[in-house]
Amino acid sequence: MADDFELDTDDLQRRMDGAIASLRTEFASLRTGRASASMLEPVMVDAYGSPTPINQVGTVNVPEPRMVTVNVWDKALVGKVEKAIRESGLGINPQLNGTIIMLPIPELNEERRTQLTKVAGQYAEHARVAIRNLRRDGMDQIKKAKNDGLSEDDQKFWEQEVQELTDRYIKLIDQQLETKQAEIMQV
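This is a predicted model, so every value here is computed, not measured. (Residues numbered from 1 in each chain as written. Predicted model: local features only at pLDDT ≥ 70, side-chain atom pairs only at ≥ 80, totals over all residues. Heavy atoms only, no water.)

**Focus: the pattern of salt bridges**
Evaluated as defined, the whole model comprises eight salt bridges. Salt-bridge contacts for Arg 86 lead to Glu 82; the nearest nitrogen and oxygen are separated by 2.9 Å. One end of the pair, Arg 86, and the other, Glu 82, are both in helix H2 (residues 78–86), four residues apart, so they sit about a helical turn from each other. Taking relative accessible area as the criterion, Glu 82 reaches 17% and is therefore assigned buried. Bridged by salt links that share partners, the residues Asp 11, Arg 14, Arg 15 and Asp 137 form one connected network. (Salt bridge = Lys/Arg side-chain N within 4 Å of Asp/Glu carboxyl O. Helix = DSSP H or I, 4+ residues; strand = E, 2+ residues; numbered from the N terminus. Buried < 20%, exposed > 50% of the residue type's maximum accessible area, 1.4 Å probe, protein only.)

**Concerning the environment of Ala 37**
With respect to the element layout, Ala 37 can be found in the loop between helix H1 (9–29) and strand S1 (44–47). A C-alpha to C-alpha distance of 24 Å links Ala 37 and Gly 49, two positions twelve residues apart in sequence. In this structure Ala 37 touches Val 60 and Val 62, once residues within four positions along its chain are discounted. (Contact = heavy atoms within 4.5 Å.)

**Some remarks on the side chain of Glu 82**
Polar contacts involving the side chain of Glu 82 include one to the side chain of Arg 86, which spans 2.9 Å. If near-sequence neighbours (up to four positions away) are discounted, Glu 82 is found in contact with Pro 94, Leu 96 and Ile 101. (Polar contact = N/O pair within 3.5 Å; in protein donor to acceptor, adjacent residues only side chain to side chain.)

**Section: the packing of aromatic side chains**
This model, assessed by the stated rule, comprises one aromatic pair. Judged by centre distance (5.0 Å) and plane angle (75°), the rings of Phe 157 and Trp 158 are edge-to-face. Taking the relative accessible area as the measure of exposure, Phe 157 reaches 43% and is therefore partly exposed. (Phe/Tyr/Trp six-rings, centres within 6.5 Å; stacked < 30°, edge-to-face > 60°.)

Keep in mind these numbers describe shape, not what the thing actually does.
Here it is in structure tokens:
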């Protein structure tokens, strides 16, 4: 009956790719010593009565390695954008120049670098947990098929497939974490 069982490894892989993409987004929002437009992605501005991403109220540019500028389209929102950046916890002090908000990126001190590597480690751990949860889902599908008559050899085969997929993605997360931590600690 369950001899024709085939685990949807493509679906598992797609969901694991989603966890990796989420990790990359979280890593991009971490501030390193260089300016990046993506560091402002999590900042929401209270524009026109609802929280709005900063890139929908102005143009975000990186004119220099240590400077981010936000060219706000609506003059009435300049103060709100400045306030949102100041309260975002990025540790950046905005400077106004008409409708352009300049964000000089200060050098990171050793203590802040260490804190950021710990945060990066937490993000990586969340991604590992997501991958392990997907592994558990795959294993549950295999156990269910076993109860429906899947042979033991087939069960071992599919369990090994899921485990190899999991190991590959965990290794990828570890590599990305190592790269990000080296980037953060670079002076």
